[in-house]
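Examination of the molecular architecture
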Amino acid sequence: MQLFTHIVLVIAATLTLAPHSAFAFASATRSSLISRAHKIAVRHSTGLARDLRVAFGGILVSEPQSNSEQKAYCVSASSTNDSSSPTSSSTTLANGHVSPSTTTSSAPTASVSSSPWKPVSTYSGSTFFNGWSFYTAADPTGGTVQYLSQSDAQNAGLVDINSAGNAVMRVDTTPTVSTNRNSVRITTDLIFTEGLVILDAVHMPTGCATWPAFWTNGPNWPAGGEIDIVEGVNNYTNNQATIHTSDGCSLPTSDATQLDIAGTVVGGTNCAADETDNQGCGVRSNYNYTFGSGFNSISGGVYAMLWQDSGIQVYFFPRGSIPSDITAGAPQPQSWSAPTANWPSTDCNMASHFYNHSVIFDTTLCGDWAGAVWNGTGVPGQSESCAQLTGYSSCSDFVRNSGASFAEAYWEVSSVNIYQYQS
């Protein structure tokens, strides 16, 4: 702002100095007056040009540029390693956890230029769906679901930008279907290694049979790794963040204090998918407003996933308690409260287990998790089984015959921002 103020003052000086100089030189010859005025104009024009270059140069520098160190790139759907071939489309609590607040977030105070985390890609507003591919192959988890292309999803009313400017991705609510129920799964064209992914969402899918997730994934699962940032099933209210890897990656301990986390390790410390029946090593939040109906009841919030060579962390900030550096677009992860989940590199080489990731949203139905725990209880939010709640002994039968039950099975997303560290 000081640069622009200086420019205005220079322009004002240029405009006011000339007439004052003419008055002072009234007795001079006409030729000397012209010569003096010319010199004044040249001097101020040179200063103005310099200031303009500096001012606009600063604007350009703040925009991340492609360089040899940047670990992100975009590919078309046809060039991805995804064998399923998506179709392309263009009061502080324990451990520092912040509880939901009904007040608005504090006003942004950080300068965008003050953070070494620079934006690589931003998805928001009317152009949210630009840069995502719509996956149309069979669900890899065996879900009772059919993913639609972008055009088919739009025509079916399953994706749109609502009046609030948020992106919405729904599950079909047709009363009955003969086979699988339509849904949406999208993947970024951007591929990156290491970074900071920040999701601001207002609503996520919830209800029996649903299995929504927001995650990142490598090229040849489990090689390249998988990072589940937001995930759960049925009526669960506590988010579970999980990593899945190739062999040779584990948590050093399951002790939350030693890991400095606000969550609870579930499923063990071995993160290798092949050795844990695809479970990986998960961490469940201790708070019932981090997933499903609990999340929706507070108008959501922000999830952040920080991936560096030193490890991977997942954070959650309820609506009204979002750090000002995030809202300012200048994230400062080192200043945040303890993460929900933390997988340090102690017993897991990050570079060899995680690389070339894309970001994914999906809502599957039933499948290997939601279907497998159809009769289950005991997880926060699931005091009664879905079989009891719905009267259906089969998850798939419920999906095919109870379309109205999926009215709450939708994502409403304000933005997704992907940053990378630039020293």
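Residues numbered from 1 in each chain as written. Predicted model: local features only at pLDDT ≥ 70, side-chain atom pairs only at ≥ 80, totals over all residues. Heavy atoms only, no water.

What follows deals with the overall build of the chain. In terms of regular secondary structure, the chain is built from ten helices and 21 strands. Evaluated residue by residue, the chain yields a buried proportion of 50% over its 423 residues. (Helix = DSSP H or I, 4+ residues; strand = E, 2+ residues; numbered from the N terminus. Buried < 20%, exposed > 50% of the residue type's maximum accessible area, 1.4 Å probe, protein only.)

All right, on to the environment of Ala341 then. Among the secondary structure elements, Ala341 is positioned in strand β19 (residues 341-344). Taking relative accessible area as the criterion, Ala341 reaches 0% and is therefore assigned buried. Counting along the chain gives 82 residues from Ala341 to Leu259, while the straight-line C-alpha distance between them is 8.2 Å. Apart from residues no more than four positions distant in its own chain, Ala341 is found in contact with Ala241, Ile261, Val283, Ile312, Gln313 and Val314. (Contact = heavy atoms within 4.5 Å.)

What follows deals with the pattern of salt bridges. Across all of its chains, the model carries four salt bridges by this definition. Here Asp160 and Arg170 are joined by a salt bridge, their closest N and O atoms 3.0 Å apart. In this pair, Asp160 is assigned in strand β6 (residues 159-161) and Arg170 in strand β7 (residues 167-170), connecting sequence segments ten residues apart. Note on Arg170: relative accessible area 27%, which makes it partly exposed. (Salt bridge = Lys/Arg side-chain N within 4 Å of Asp/Glu carboxyl O.)

The next point concerns the state of the cysteines. What the rule picks out here adds up to four disulfides. In this model Cys208 forms its disulfide with Cys386; the gap between the sulfur atoms is 2.2 Å. Its torsion about the S-S bond being -90°, the disulfide of Cys208 and Cys386 is classed as left-handed. Taken as a pair, Cys208 in the loop between β11 (195-203) and β12 (210-217) and Cys386 in helix α9 (residues 386-390) lie far apart in primary sequence, 178 residues in all. (Disulfide = S-S within 2.5 Å.)

The next thing to look at is the packing of aromatic side chains. Following the criterion strictly, the structure yields 25 aromatic pairs and no others. Centre to centre, the rings of Trp211 and Trp369 are 5.9 Å apart; their planes meet at 85°, and the pair counts as edge-to-face. One end of the pair, Trp211, is in strand β12; the other, Trp369, is in helix α8 (residues 367-371), with 158 residues separating them in the sequence. Both rings, one in Phe398 and one in Phe406, keep their centres 5.7 Å apart while their planes meet at 55°; by these two values the pair is tilted. One aromatic cluster is present, built from ring pairs that chain together Tyr123, Phe128, Phe129, Trp132, Phe134, Phe214, Phe361 and Trp411. (Phe/Tyr/Trp six-rings, centres within 6.5 Å; stacked < 30°, edge-to-face > 60°.)

Let us look at the pairing of strand β9 (residues 185-188). Each regular strand shows side chains that alternate between the opposite faces of the sheet. Of the two faces of β9, the one lined by Arg185 and Thr187 and the one lined by Ile186 and Thr188 are each fully buried. In terms of strand pairing, strand β4 (residues 132-134) meets β9 through three bridges, oriented antiparallel. The residue bridging Trp132 from the neighbouring strand is Thr188, located in β9. Looking at chain direction, β9 and strand β20 (residues 358-365) are connected through three bridges and run antiparallel. Residue Arg185 lies in a different strand from β20, and its bridge partner there is Asp362. (Pairing = 2+ DSSP bridges.)

What follows deals with the environment of Ser250. Note on placement: Ser250 falls in the loop between β14 (240-244) and α4 (256-259). Owing to a relative accessible area of 24%, Ser250 belongs among the partly exposed residues under this scheme. Spatially, the C-alpha atoms of Ser250 and Cys281 are 7.6 Å apart, while their sequence positions differ by 31 residues. Filtering out sequence-adjacent residues up to four positions away, Ser250 remains in contact with Thr269, Asn270, Cys271, Asp347 and Cys348.

With 74% of its residues at a pLDDT of 70 or more, the chain shows a mean pLDDT of 82. Segment residues 76-99 is flagged for pLDDT under 50; beyond a separation of four residues in sequence, or across chains, it makes 54 contacts in the model. Contacts from residues 101-112, a stretch scored under 50 in pLDDT, to residues over four places away or in other chains number 23 contacts. (pLDDT = per-residue confidence, 0-100.)

A few words on unusual backbone geometry. In this chain, Trp221 is followed by Pro222 through a cis amide linkage whose omega measures 0°. Backbone geometry places Glu194, a non-glycine residue, at a positive phi of 65°. Inspection of the secondary structure assignment puts Glu194 in the loop between β10 (190-192) and β11.

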